[in-house]
Amino acid sequence: MSDMKSYVESVLELVKQRDPDQIEFQNTVKEVLTTIVPVLEKYPQYKEQKLLERIVEPERVVIFRVPWQDDNNVTHINRGYRVQMNSAIGPYKGGLRFHPSVNLSILKFLAFEQVFKNSLTGLPIGGGKGGSDFDPKGKSDNEVMRFCQSFMTELYRHIGPHVDVPAGDIGVGGREIGYLFGQYKRIRDAYDSAVLTGKGLTYGGSLTRTEATGYGLLYFVKNLLDDKGINLDGKKVVISGSGNVAIYAIEKAQELGANVITCSDSDGYIYDPHGIDLKAVKLIKEVKRGRIAEYATNHPASEYHEGCHGVWNVKCDIALPCATQSEIDLDAAKALVANGCKIVGEGANMPSTLDAIEYFQANKILFCPAKAANAGGVAVSALEMSQNSERLSWTFEEVDERLKVIMANIYRNAKANAVEFGDADNLVMGANIAGFKKVAEAMTAQGLV
Ligand code: NDP
Ligand code: 2IT
């Protein structure tokens, strides 16, 4: 084993020993570190500086109690978190996730991904992530408001426009950001617009932020397809999820001429051979906050299947996982390949397991890794911060144009690094190396901190 391979192995072992239960975190660290060995060989000083040992350790983690009362005056206690992973290139930046599955391992994996994703955007943002095991599903607006106010009553002391800037993720959308912003402003008694992104358009939000992750995913995929001379027109696309990322991935895919035939939630999936009726999905999910099963009741040509994993058995040309982590395991990857899928673009964070990614690569699938392909959301968050700083609002077209340029640059950067380091079609390696190099250089310049 080369010296740097064994260095990486020793750091992976250290991560495992320190937190043996943090499986998601271990997996994402493994995915990143095993692909950057060629960079470590080129810059051996990183080993001397113990750069990897530093990069896998969050700069700070806060865990706190979040007490709140429901509409029947029953008291609940949830757990809140903020993982401030790396601030070498800018203030911590990354979403908040409200979902019952949230724990420290999941948030550390998301924060670690965020560090390299944010670096890839080319914008000055460090990496963080936070959230709670609170489940907003089935809660009234008032309950969500009381929860958000209690959450912010602790979080406010750890964040700020130049310190740490949260945004949305699973279970946190415009409604939650509004309540969080209101409470922050009330406590701080200052209008720090850029303390949160994903804000409403009447109080400092950016046009295109809602659409940015889904649109950006399609821009990234299109860059790859253009490079390969493949046309998106008429391609059959399978998408999972029906939340923020999925909805705007469907919208842009349809606009580019693709036929999107599925969407899903955690209970099941819709198959509509005529193409998903996006207006209906938006009504069910964005307005009514309902379940996707409802779609089939007034779309007779469609089918609803219970269980979300079956979506990967649907025959398609392109698969865009946009729901959650580990939704494509090895079996799902095998089913996709067997059914003729040729392209996988990750809208969610780490939706493919490590063995699924290996299987895709072994079968020459064109694979767009999450930290590059879904970076459009956080990129437009950074543009929201810019607009807040200059106290101006850009038009939809201007932000969308900048998003297109950013996604094209991310693609080119990942591709160039894949080529330079000897595996031209390996965008996992290319993206990891491109993201890592900037953070590593900044950390080196700033000394042992
Ligand atoms: P939303 O909360 O808007 O939507 C999440 C969707 O995924 C829902 O359809 C939800 O179904 C489904 N889902 C959630 N958990 C599971 C699960 N365990 N199994 C199956 N389905 C599940 O979240 P987003 O659309 O914002 O986020 C989706 C993914 O994209 C996440 O991985 C997130 O980290 C990532 N992402 C989000 C960005 C953003 O800007 N919002 C930016 C970059 C990445 P149900 O209603 O049943 O829970
Ligand atoms: O995973 C992600 O990149 C996000 N949830 C968006 C984070 C942000 O700060 O906009």
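Visitor: What is the right way to look at the nonpolar core in this model?
Guide: Within soluble globular proteins, side chains that are nonpolar generally end up buried alongside one another. Counting residues in each nonpolar core, the largest one holds 61 residues, and the members touching the most others are F220, I239 and L320. The element that contributes the greatest number of residues to this core is helix α9 (residues 209–228), accounting for 9 residues. Look past the residues within four positions of I239 in its chain and what remains in contact with it is A246, A249, I250, V260, T262, C263, S264, V311, L320 and C322.

Visitor: Even after reading the chapter, I still don't get helix α16 (residues 376–390), so can you show me in this structure?
Guide: Spacing of three or four residues puts side chains on the same side of an α-helix, whose turn is 3.6 residues. With 15 residues, α16 extends 21 Å between its outermost C-alpha atoms, agreeing within 8% with the 21 Å of an ideal straight helix rising 1.5 Å per residue. Counting buried residues along α16, 12 of its 15 residues qualify, which places the element largely inside the surrounding structure. Taken as a whole, α16 has its buried residues at G376, G377, V378, A379, V380, S381, A382, L383, E384, M385, Q387 and N388. Elements in contact with the buried residues of α16: β3 (92–98), α6 (104–120), β5 (164–167), α9 and α17 (396–420). In the segment just after α16, R391 is the residue with positive phi, at about 55°.

Visitor: Please explain the layout of surface pockets as it appears in this structure.
Guide: A water-sized probe rolled over the atoms picks out the places where empty space is left. Its volume calculated, the second largest pocket comes out at about 430 Å³. Lining the second largest pocket are 26 residues, with A194, M385, Q387, N388 and S389 positioned closest to its centre. Class assignment of the residues belonging to the lining of the second largest pocket gives a composition of 13 nonpolar, 11 polar and 2 charged.

Visitor: Just to check I follow, could you spell out the packing of aromatic side chains for this structure?
Guide: The geometry of two aromatic rings is summed up by the distance between their centres and the angle between their planes. Enumeration over the complete set of coordinates arrives at 18 aromatic pairs. Note on W68 and F134: the rings are 5.2 Å apart at their centroids and 85° apart in plane angle, and the pair reads as edge-to-face. Here W68, found in strand β1 (residues 60–69), pairs with F134, found in the loop between β4 (127–132) and α7 (141–155); they are 66 residues apart in sequence, far enough to count as distant. Classification of F134 as buried rests on a relative accessible area of 1%. Pairing F98 with F134 gives two aromatic rings, centres 6.0 Å apart and planes at 90°, and the pair type is edge-to-face. Placement of F98 in strand β3 and of F134 in the loop between β4 and α7 is noted, with a sequence separation of 36 residues between them. The same class applies to F98 and to F134, which are both buried.

The rules behind each value
- Residues numbered from 1 in each chain as written.
- Chains lettered and ligands numbered in written order.
- Predicted model: local features only at pLDDT ≥ 70, side-chain atom pairs only at ≥ 80, totals over all residues.
- Heavy atoms only, no water.
- Core = buried A, V, L, I, M, F, W, Y, C linked by side-chain atoms within 4.5 Å.
- Buried < 20%, exposed > 50% of the residue type's maximum accessible area, 1.4 Å probe, protein only.
- Helix = DSSP H or I, 4+ residues; strand = E, 2+ residues; numbered from the N terminus.
- Contact = heavy atoms within 4.5 Å.
- Expected span 1.5 Å × (residues − 1).
- 1 Å grid on protein atoms, 1.4 Å probe; cavity = no way out; pocket = protein on both sides within 12 Å on 5 of 7 lines; lining within 4 Å.
- Points joined across faces, edges and corners; volume = space filled by probe spheres on them.
- Nonpolar A, V, L, I, M, F, W, Y, C, P; charged D, E, K, R; others polar.
- Phe/Tyr/Trp six-rings, centres within 6.5 Å; stacked < 30°, edge-to-face > 60°.

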